[in-house]
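Inside the fold
What follows is each chain in one-letter form.
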Amino acid sequence: MKQLFLPFLLLLSLAVNAQQFPTSPNYKANDRFEQLGTVLPTPNTYRTASGAPGKEYWQMRADYDIKVELDDEKRRIIGSESITFYNNSPDELKYIWLQLEQNLFKKDGIGATSRTGSINEKGMSTGQLQNLNNGRGSSLDPKVEYGYEIQKVKDKTGNALPFTINNTMMRIDLPTPLKPGASIVFGVEWAYNITEYYGRSGYEFFPKDGNSNYFIAHWFPRLAPYDDVNGWNHKQFLGQGEFALIFGNYKVAITTPADHIVAASGECQNYATVLTATQKQRLKQAETSKTPVIIVTQAEAEKAEKRENKSVGKKTWIYKADNVRDFAFSSSRKFIWDAMQSDVYKNGKKIWCMSFYPKEGNPLWEQYSTRAVAHTLKSYGNRTFEYPYPVAISCHSTSGGGMEYPMISFNGGRPEEDGTYSEQTKYGMIGVIIHEVGHNFFPMIVNTDERQWAWMDEGLNTFCQYLAEKEWDFNYPSRRGEPMFITDYMSSDKSVLSPIMSSAENVIGLGPNAYAKPATALNILRETVMGREQFDHAFKEYATRWRFKSPTPSDFFRTMEDASGVDLDWFWKGWFYGVEPVDQDLVSVNWFSIDTQNPVIEKEIARKDAAAKAKTISKIRDAADKSKTVVAQDSTMADFYNSYDPYKVTDSDKQKYEQYLATLSPGEKELVQKNTNFYTLSIKNKGGLPMPVIVKMGFEDGTDSLVTFPAEIWRFNDQQISKVLSTSKKVVQWTLDPYYQIADIDTENNSYPRVAKPTRFQIFKQSQMRRQPNPMQQQGAGAGKVGGEPKN
Ligand SMILES: [Zn+2]
């Protein structure tokens, strides 16, 4: 509605408007804009108030020398290790804690006993029932004992050290306390039965050829962190929360059947003895090739996987990995292997990018895996720091999902048996490789505590993955990162939402909460709140400050503000500590224009207004009898007022207007004569999470214009605000957040006047719901599984 007002009242009326909205009795004014204050830990000499490591920052270190054998027949790991543990803390330690993740799979372990479940009376698969029966997860064979068999814990002279096992943790009591700055050497011998691949490690068995691919991780007893935040970080492994680890140097000798091909964290030290002459020659070619070179061909892998060709001998592959927080490896006689060197350099040396996959992964794996590895190092390197390791590997594990370790990852994404694949399989596979290789940056190098804060690695990594996907293909169908993808989750009932700042082991909805929501929040920070330049600078500063160190959430929050000069406490509060969604409601728009006091303009407006109001229904119906009234029939009944035009401009009107203009300054005169339109927008913060207000004005002439106001617009009243906008053109349509930037969960109330959107529904027959062949199969574009041959 358009309203008129006098220009001199303009400022006064706005000042009154700003105060007019009442607040509910429980509402604490401006709560959402209060600083985080004591919610963050007090800064100290280890971690500064600016978010950087402090001058006395310290972290522990453990070096490992490990010998391990993979027994393919019994599917067993047998290992022994010598650990050198350096106490870099200022504290004396009477005991040390080691992690025993394999104990998650023990019969009465905490993994089994803390699992919940119920019987489904509508029916269950035998696997589900077995799972409930043994309480341990469906991939476990009830006849096999899983978990660590710790055979010996000894000091460096071979004397037994006393130890106590508490579920997935083991305490070793030291004969004399380990002083600050001192180190201790000790050894452990162990064995365990390998589980079927459960998403993080295990074997995948191929019934057709009788072979297994092994993905071996959290396979050796290793140091738990001891740090300035938690002391000993020995929160039990329940399966959902990942790992908290410390850096060290590794030397690992892996013994496998002689016909296996091994991939591992680190650089192989003895390719000269474990590879054939042909393989070595192909590897040499790969050093200068711009595309991946096949080191073990599909034909060779297919020959090796035949039962009659199985070897009886063993081979030992020796690896070295420096400054890593973990070590994993993969092994199989089914592996095809390709390699190239990326054009990303590490101290002037190129980095090896490699992939290992069975024929079941082709043709997708041969075409995309190694290239996706190289792309990831480049993309992530640009927004963080140069990839510091000599190798990056992608192995093909069972379909769906992926899992990351330093320099090596196990990734899904498998074509159909006929070699065709859906679009989802292809992009899912590339996406998972980018994601898992990207984890080298977060948390393998920016070494966060995954068991406590899943979002610190998953959220940051998913955000970088989203950017890397767009750099791979402009139209990449990314699953996470765009604000509109999180609105369904954010509009769920608040009782089923955990804040992002929740422990990884108890967070509800790990996927949306630790991956999608933080990734979206970072994307919004970059595009809408901070801007790309400020964000990219601060994000790089965080990654650089904390590479090869262990940051906490407050170190991240503080660094992002410290480096950008943007106060983000309200943002961390809303997005990371809260569960409220974004929902801005454009309640009303009031239209004002200045009363020019020019009689020529104003009297004409008044005339039209009066004429419109005179058109009532009775008058319309009586019009036919207009000539029958007394005044019409008897002219003596008319006087001056029957012909008087109150809207006619008189000399007196003109004089008054001249006098008025004489009182105005040139600036005021211009404002009055331009006939500017003023609009008061009334916007409600219905969702609770305050965000910038982005307004699109659609003008009468078909053009439009965008204005953005920072979230601080809500700082005096975070429930409802009014904002005045002036424009020379008339606005016919108002839209909030027209480019879907702020994850507004209800876009219906973003327009004024409201624009109704139809909800479309389909009528379908049951028969159409059957699984359709993928588009490659429908169009006969069968890729076929032609094996990779050596390429030059
Ligand atoms: Zn991840």
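Keep in mind that this is a model prediction, so the values were computed, not measured.

Within the protein, the atoms that donate to the zinc ion are His435 (NE2), His439 (NE2), Glu458 (OE) and Glu458 (OE), at distances of 1.9 to 2.6 Å. Considering all 4 donor atoms around the zinc ion, angles at the metal cover 54 to 152° and the coordination shape is irregular. Look at His439 and you get buried, because its relative accessible area is 0%. Using a relative accessible area of 3% as the deciding quantity, one classes Glu458 as buried.

Turning next to unusual backbone geometry. Each neighbour pair has its own omega, and for Asn362 with Pro363 the value is 15°, a cis peptide bond. Along the chain, Pro363 falls in the loop between strand E21 (349-357) and helix H7 (364-383). Note the cis peptide between Tyr752 and Pro753, where omega equals -5°. With a phi close to 55°, Tyr740 is a non-glycine residue in the positive phi region. Relative to the helices and strands, Tyr740 resides in the loop between strand E30 (731-736) and strand E31 (751-752). Its relative accessible area of 39% is what places Tyr740 among the partly exposed residues.

Another aspect to go through is the pairing of strand E14 (residues 248-257). Among the 10 residues that make up E14, 8 are buried, leaving the element largely enclosed by the rest of the structure. Summarising the sheet, strand E2 (residues 61-71) and E14 pair through 6 bridges and their orientation is parallel. In the strand pairing of E14, Asp65 is matched with Lys251. Note: E14 against strand E18 (residues 314-324), 9 bridges, orientation antiparallel. Looking across to E18, one finds that Pro257 is bridged to Lys314.

A separate point is helix H12 (residues 510-529). Along its length, H12 shows its largest kink, about 30°, at Ala516, and proline Pro518 lies within four residues downstream of that point. Where burial is concerned, most of H12 is hidden: 16 out of the 20 residues are buried. Immediately beyond the C-terminal end of H12, within one or two residues, lies Gly531, with a positive phi of roughly 90°.

This brings us to the sheet that holds strand E19 (residues 329-332). If you walk across this open sheet you meet the 4 strands as E9-E10-E19-E15, and the pairing is antiparallel. With partners counted over all chains shown, the strands left at the sheet margins are strand E9 (202-206) and strand E15 (261-264), one partner each. Averaged over all pairs of adjacent strands, the angle between their axes in this sheet comes to 10°, without regard to strand direction. The sheet contact formed by strand E10 (residues 211-216) and E19 spans 3 bridges and is antiparallel.

Right, let's get into the sheet that holds E2. Pairing in this open sheet of 7 strands is mixed, and the strands run E5-E8-E3-E2-E14-E18-E16 from one edge to the other. The open sheet has two free edges, formed respectively by strand E5 (149-155) and strand E16 (267-268), since each of these has just one partner strand. Of the strand pairs in this sheet, E16 and E18 are connected by 2 bridges, and their pairing is antiparallel. Among the inter-strand pairings, Glu267 is bridged to a residue of E18, identified as Lys320.

Next up on the list: the pattern of salt bridges. Tallied over the full model, the rule gives 43 salt bridges. Arg414 serves as the salt-bridge partner of Glu204, at 2.8 Å between the closest nitrogen and oxygen. Pair noted here: Glu204 is in strand E9 and Arg414 is in the loop between strand E24 (408-411) and helix H8 (423-438), with a separation of 210 residues, a long-range link. The two residues Glu204 and Arg414 agree in class, both being buried. One salt bridge in this structure joins Arg607 and Glu604, with 3.6 Å as the shortest N-O distance. Taken together, the residues span about one helical turn, with Arg607 and Glu604 both in helix H16 (residues 599-613) at a distance of 3 residues. What makes Glu604 partly exposed here is its relative accessible area of 36%. Among the ionic contacts, a cluster of salt bridges with common partners joins Asp209, Glu305, Lys334, Lys359 and Glu360.

Turning next to the confidence of the model for the protein. Looking at the protein as a whole, the pLDDT averages 90, with 90% of positions reaching at least 70. Contacts for the low-pLDDT stretch residues 1-24, under 50 throughout, to residues beyond four places or in other chains number 36 contacts. Of the regions scoring below 50 in pLDDT, residues 786-792 engages in 20 contacts with residues more than four places distant in sequence or in other chains.

If you walk through the whole model with that rule in mind, you get 56 aromatic pairs. A ring pair is formed by Phe571 and Trp575, whose centres lie 5.9 Å apart and whose planes are at 25°; its orientation type is stacked. In this pair, Phe571 and Trp575 both sit in helix H15 (residues 569-577), 4 residues apart, roughly one turn of the helix. By the ring-pair criterion, three or more aromatic residues cluster together here, those being Phe33, Trp455, Tyr542, Phe556, Phe557, Trp570, Phe571, Trp572, Trp575, Phe576 and Tyr577. Lys334 extends its terminal NZ or CZ atom over the ring of Phe206, reaching a point 4.2 Å from the ring centre.

Another aspect to go through is the environment of Arg47. For Arg47, the position within the fold is in the loop between helix H1 (10-18) and E2. Look at Arg47 and you get buried, because its relative accessible area is 8%. Distance in space between the C-alpha atoms of Arg47 and Ala299 is 55 Å, their sequence separation being 252 residues. Not counting chain neighbours up to four residues away, the residues in contact with Arg47 comprise Ala52, Gly54, Tyr57, Asp228, Val229, Trp546, Ser550, Pro551, Thr552 and Asp555. Only 2.8 Å separates the side chain of Arg47 from the side chain of Asp228, close enough to count as a polar contact. A distance of 2.7 Å separates the side chain of Arg47 from the side chain of Asp555, its partner in a polar contact.

What follows concerns the state of the cysteines. All chains considered together, the criterion is met by 0 disulfides. Considering cysteine sulfurs only, Cys395 is the nearest to Cys353, which forms no disulfide, with 13 Å between them. Given a relative accessible area of 0%, Cys353 falls into the buried group.

If you check helix H14 (residues 553-564), its first and last C-alpha atoms are 17 Å apart, about what 12 residues at 1.5 Å a residue would give, namely 16 Å. Here H14 lies mainly inside the structure; 11 of its 12 residues are buried. Elements that come into contact with the buried residues of H14 comprise helix H10 (454-472), H12, helix H13 (532-546) and H15. Backbone geometry just after H14 places Gly565 at a positive phi near 70°.

Here is what the cut-offs are and how they apply
- Residues numbered from 1 in each chain as written.
- Predicted model: local features only at pLDDT ≥ 70, side-chain atom pairs only at ≥ 80, totals over all residues.
- Heavy atoms only, no water.
- Donors = N, O, S within 2.8 Å, 3.2 Å for Na, K, Ca; no water.
- Tetrahedral: all angles 85-135°; square planar, octahedral: opposite > 155°, others 65-115°.
- Buried < 20%, exposed > 50% of the residue type's maximum accessible area, 1.4 Å probe, protein only.
- Helix = DSSP H or I, 4+ residues; strand = E, 2+ residues; numbered from the N terminus.
- Pairing = 2+ DSSP bridges.
- Bend = angle between axes of the 7 residues up to and from the residue.
- Axes fitted to C-alpha atoms, helices over the stretch in contact; angles between N-to-C directions.
- Salt bridge = Lys/Arg side-chain N within 4 Å of Asp/Glu carboxyl O.
- pLDDT = per-residue confidence, 0-100.
- Contact = heavy atoms within 4.5 Å.
- Phe/Tyr/Trp six-rings, centres within 6.5 Å; stacked < 30°, edge-to-face > 60°.
- Lys NZ or Arg CZ within 6 Å of the ring centre and 35° of its normal.
- Polar contact = N/O pair within 3.5 Å; in protein donor to acceptor, adjacent residues only side chain to side chain.
- Disulfide = S-S within 2.5 Å.
- Expected span 1.5 Å × (residues − 1).

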